[in-house]
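What follows is the residue order along each chain.
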Amino acid sequence: MAATTSDINKRHRIEEEEGGGNSNGDFEVSIEKLPEHIISHVLHKLDLESLCTATCVSRTFHSAVTPLVSSLSSIDLSECSLDEVSLRHVVRRVQGAKSLTIDCLQMKSDSSIINILHEHIIDLSLLKCSSLSYDILCAIGERCPNLRSLLIEFSGCEAPELFKSKFTEMLQKISLLESLSIKIRGTFNDVFDLRSLELFLPKSIKNLKLQQADSHSSILWIDKIRDNPWFKLLSLSLVLDVISDDLLIAVVNSLPLLVELDLEDRPRREPSIQSDLTNIGLQSLEVCQHLITLSIVRSQVYLFHTSFKRVDNMGMFLLSEGCGGLESVKLGGFTKVTEAGFSSILHSCQNLKKFEVSNSSLLSDLAFHNMRGVARSLIELRLLSCRLLTSEAMEELSSFSNLEVLDTSGCRSIADPCLYYISSLTTLTKLNLAEADITDKGLAILGRGNSPIAQLCIRGCKRVTDKGIEFLFHGEGKICKTLSMLDVGHMPGISDAAIFTIASAAKALTDLSLRYCFHVTDAAVKMLVDRTSYKCSLLQRLDLYNCRSLSDDSVMLLLHKSSFRGLRWLGVRSLLVNKRDDFSTICNVRPWLVVCFEGCQFGCHDGWQFHDILACLH
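Residues numbered from 1 in each chain as written. Predicted model: local features only at pLDDT ≥ 70, side-chain atom pairs only at ≥ 80, totals over all residues. Heavy atoms only, no water.

*Asks:* Any chance you could explain the overall build of the protein chain here in plain terms?
*Replies:* Assigned secondary structure in the protein chain consists of 22 helices and 22 strands. Buried positions account for 56% of the 618 residues belonging to the protein chain. Nonlocal contacts in the protein chain, meaning residues at least 24 apart in sequence, comprise 77% of its contacts between residues at least 6 apart. Carbon and sulfur atoms provide 51% of the accessible area of the protein chain, an area that totals close to 25400 Å². (Helix = DSSP H or I, 4+ residues; strand = E, 2+ residues; numbered from the N terminus. Buried < 20%, exposed > 50% of the residue type's maximum accessible area, 1.4 Å probe, protein only. Contact = heavy atoms within 4.5 Å. Areas by Shrake-Rupley, 256 points an atom, 1.4 Å probe, with all protein chains shown as cover.)

Pasting the structure below:
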């Protein structure tokens, strides 16, 4: 069983309460009359969140749950930024955990992590290591010799040579490692010199993910490992400066057993003809007969409007013909490929479960015509910033009877008619319609639908008003009972009235984004706070970034110790930076709360590497 942050949060609070019992004495007595083996049998059937809730029910349950929590084999603290003291408090209670996932944003010294490393750990993930030095790599090698899986995220790379030295030193001491993921965020440097990497990589390595690497050294390294019979990589993920034919040809010649290939490039200037990806590179992938996951993306993070200009429909035809066993396909920046090319993948890959296309200026509705019997296993469909797509593309959604995720963010011609088709999907749990041309009438359709949507994003849908939010939650459909995450940011038609509706009708809501909603005022904040005074609020993340009509006092009201006791993350406008001293005082009362002033998305999963965050623990 794996412990989540909310579980540990609840557990921590319970232990501070005397007795941990229930005020209902009669109920307590009836529970204690149950035989121990029945109580134990019931508790073993519960998930971790239910177990932690059970500790609140009675002293009997509290006593029975404690040894179960102590015996957990896995701890996941990725959703909360703990400080050093709280981390020790948690880990001390689950000393035998073999799997650790830790958000290190508040870890200010290497010792905070080094002290919890032990030889029994086989799976270690250290996220957002903004203040940790590369010495932590040496400590991992020394203290975790039995490690099988390692993921670590560093911020920047001021001394790339030092990193390489510590990195290779660590690799020589963890000979059982099977999965390695090292990400260096927020740097322009190509950190990894892959040419000598094969000298130090454990022979057991099966999965390798590195960010950020130079394409030239990557090609040389991949060519060299062809002569190592022990090197049987199954999954390769690289973030590079440029993806080229030479790179793909080197991959297929040296790694024919690949099951997963994930490549992203971030060009700083337009690639030349000799160093770019063409149809020939895509055709070469037919050699990898075991490939089931393929991701090739050209990012515009450094160079706007850059794309794969030398790949056209023929490249997609060759890819779909040679790789018909693909189950997950992600393609970004193929601006010369039309609906014919993308459609060939949908028709050829009969076991396709995930399909994503982004920044494709020629993808039109025709790609989704006559889809009966095609891609019947599709679970996730993401079509991002494909401006030619309209609601007509959604007419074929009914043929995707297993669809759980639909993302059309940035497709600005998607309008109300598409919601007729979407609302009939009985398996859909995540829906992103950011920047769509939908109106209040469209949300009324969705509000009456049968889709059990848990996450909904309508950010930037400028024609939606307060009335649309009312229609959404009062339509007697499933969404008012199932919705846990709602993003209504960047919407000028949203005001206090919409917040009143959300607060009263969205019973299961945990994440709410109102960023850049200029007409949300202090009255809405007071409504949210008042709701918690008579009803248990589940809200864990609240984004109020750049809500200009909110006063400083109303934001401080949100942080009062009696408000939103489950709140883990709060985004506020940068103008509140002069209130940081006040926020520091709140840290002592709300120790598991992160307050972000820099405009990050929920949880600061991206952006943490570029700024300082005032973080507190609850």
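*Asks:* Honestly, unusual backbone geometry in this entry has me stumped. Any pointers?
*Replies:* A negative phi angle is the norm for most residues apart from glycine, just as the trans form is the norm for most peptide bonds. In this chain, Gln211 is followed by Gln212 through a cis amide linkage whose omega measures 20°. Locating Gln212 in the fold gives a position in strand β7 (residues 207-213). One non-glycine residue with positive phi stands out, namely His305, at about 70°. Topologically, His305 is positioned in the loop between β10 (293-298) and α13 (313-322). Under the relative-accessibility criterion, His305 is labelled exposed at 56%. Phi is positive for Glu476, close to 65°, though the residue is something other than glycine.

*Asks:* Looking at this model, I keep getting lost on the pairing of strand β2 (residues 74-81). Mind explaining?
*Replies:* Consecutive side chains of a regular strand alternate in pointing toward one face of the sheet and then the other. Counting buried positions over the 8 residues of β2 gives 6, a clear majority of the element. In this region the chain leaves β2, passes through helix α6 (residues 84-93) and returns to the parallel neighbour strand β3 (residues 99-103); the handedness of that crossover is right-handed. (Right-handed = clockwise from strand over helix to strand, strands pointing away.)

*Asks:* What am I meant to see in the packing of helix α8 (residues 135-143) against helix α9 (residues 160-171) here?
*Replies:* Packed helix pairs are characterised by how far apart their axes lie and by the angle those axes make with each other. Axis separation between α8 and α9 bottoms out at 8 Å; the angle between their running directions is 5°. Classified by the interaxial angle, the pair formed by α8 and α9 is roughly parallel. Listed contacts from α9 to Asp135, Leu137, Cys138, Ile140 and Gly141 of α8 are Phe163, Lys166, Phe167, Glu169 and Met170. Of the residues assigned to the contact of α8 with α9, the class counts are 6 nonpolar, 1 polar and 3 charged. (Axes fitted to C-alpha atoms, helices over the stretch in contact; angles between N-to-C directions. Parallel < 35°, antiparallel > 145°, perpendicular 65-115°, else oblique. Nonpolar A, V, L, I, M, F, W, Y, C, P; charged D, E, K, R; others polar.)

*Asks:* Help me out: how do you make sense of the packing of aromatic side chains in this one?
*Replies:* To describe a pair of aromatic rings, one takes the distance between the centres and the angle between the planes. Taken as a whole, this structure holds 8 aromatic pairs when the rule is applied. Geometrically, the ring pair formed by Phe163 and Phe167 is stacked, given 5.4 Å between the ring centres and 10° between the ring planes. Linking Phe163 with Phe167, this pair stays in helix α9, spanning 4 residues, or about one helical turn. Aromatic rings pair up to connect Tyr134, Phe154, Phe163 and Phe167 into one cluster. (Phe/Tyr/Trp six-rings, centres within 6.5 Å; stacked < 30°, edge-to-face > 60°.)

*Asks:* Would you take a moment to explain the nonpolar core for this structure?
*Replies:* Side chains of nonpolar character tend, in soluble globular proteins, to be buried together. Counting 169 residues, the largest nonpolar core has Ile113, Leu236 and Phe334 as the members making the most contacts within it. Residues contacting Phe334, with those up to four places away along its chain left out, are Leu277, Leu282, Ile296, Phe308, Val311, Met316, Phe342, Asn359 and Ser360. By size, the runner-up hydrophobic cluster in this structure holds 7 residues, among which are Met485, Trp569, Val594 and Phe602. (Core = buried A, V, L, I, M, F, W, Y, C linked by side-chain atoms within 4.5 Å.)

*Asks:* What is the right way to read the pattern of salt bridges from this model?
*Replies:* Pairing of side chains with opposite charge becomes possible as their charged atoms draw close. Counted under the stated rule, the structure contains 21 salt bridges. Ionic pairing is found between Arg226 and Asp223, a salt bridge with its closest N-O pair at 3.2 Å. Exposure remark for Arg226: the relative accessible area of 44% places this residue in the partly exposed category. A salt bridge links Asp276 to Arg298; the nearest nitrogen and oxygen atoms lie 3.0 Å apart. Taken as a pair, Asp276 in the loop between β9 (260-265) and α12 (279-284) and Arg298 in strand β10 lie far apart in primary sequence, 22 residues in all. In this pair, the class of Asp276 matches that of Arg298, namely buried. Where salt bridges share partners, they join Asp265, Asp276, Arg298 and Arg310 into one cluster. (Salt bridge = Lys/Arg side-chain N within 4 Å of Asp/Glu carboxyl O.)

*Asks:* What is the right way to look at the side chain of Ser284 in this model?
*Replies:* Its location among the elements puts Ser284 in helix α12. For Ser284, a relative accessible area of 14% translates into the label buried. Of the polar contacts made by the side chain of Ser284, one reaches the backbone oxygen of Gly281; its length is 2.5 Å. Filtering out sequence-adjacent residues up to four positions away, Ser284 remains in contact with Leu248, Ile249 and Val252. (Polar contact = N/O pair within 3.5 Å; in protein donor to acceptor, adjacent residues only side chain to side chain.)

*Asks:* It is not clear to me how the environment of Ile453 should be interpreted in this structure. Could you clarify?
*Replies:* Mapped onto the elements, Ile453 comes out in the loop between α16 (440-447) and β16 (455-457). Relative accessible area serves as the criterion here: at 0%, Ile453 is assigned to the buried category. Separated by 28 residues in the primary sequence, Ile453 and Leu425 have C-alpha atoms spaced 9.7 Å apart. Here Ile453 is in contact with Leu428, Thr429, Leu431, Leu446, Ile479, Thr482 and Leu483, once residues within four sequence places are set aside.

*Asks:* Mind showing me how you'd approach α16 here?
*Replies:* Three- or four-residue spacings in an α-helix give side chains the same orientation, since the helix completes a turn every 3.6 residues. Where burial is concerned, most of α16 is hidden: 7 out of the 8 residues are buried. Every buried residue of α16 is accounted for by Asp440, Gly442, Leu443, Ala444, Ile445, Leu446 and Gly447. Among the structural elements, α15 (417-422), β15 (430-432), β16, α17 (466-473) and α18 (479-482) are those in contact with the buried residues of α16.

*Asks:* Looking at this structure, I do not really get the side chain of Asp245. What am I missing?
*Replies:* Tracing the chain through its elements places Asp245 in helix α11 (residues 245-254). Arg310 provides the closest opposite charge to the buried, salt-bridge-free Asp245, at an N-O distance of 8.9 Å. A polar atom in the side chain of Asp245 sits 3.1 Å from the backbone nitrogen of Gly281. Apart from the residues lying within four places of it in its own chain, the contact partners of Asp245 are Asp276, Leu277, Thr278, Ile280 and Gly281. (Lys, Arg positive; Asp, Glu negative; His and termini not counted.)

*Asks:* What exactly am I supposed to notice about the environment of Leu443 here?
*Replies:* Mapped onto the elements of the fold, Leu443 is located in helix α16. For the pair Leu443 and Asp416, spaced 27 residues apart in sequence, the C-alpha separation works out to 8.0 Å. Contact partners of Leu443, with chain neighbours within four places excluded, come to Leu419, Ile438, Ile458, Val464, Gly468, Ile469, Phe471 and Leu472.

*Asks:* Can you help me understand α8 in this one?
*Replies:* Where α8 is concerned, the buried positions are Ile136, Leu137, Cys138, Ala139, Ile140 and Gly141. Among the structural elements, α7 (111-114), β4 (123-129), β5 (149-155) and α9 are those in contact with the buried residues of α8.

*Asks:* For this particular structure, what's the right way to read the packing of α13 against helix α14 (residues 339-348)?
*Replies:* Packing of α13 against α14 leaves a shortest axis separation of 8 Å and a crossing angle of 10°. It follows that α13 is roughly parallel to α14 by the angle criterion. For the pair formed by α13 and α14, the contact residues are Asn313, Met316, Phe317, Leu319 and Ser320 on the first element and Ala340, Gly341, Ser344, Ile345 and Ser348 on the second. When grouped by side-chain class, the residues that make up the contact of α13 with α14 number 5 nonpolar, 5 polar and no charged.

*Asks:* Sorry if this is basic, but what is going on with the environment of Ser81 here?
*Replies:* Note that Ser81 resides in strand β2. Residues Ser81 and Lys128 lie 47 residues apart in sequence; the distance between their C-alpha atoms is 9.4 Å.

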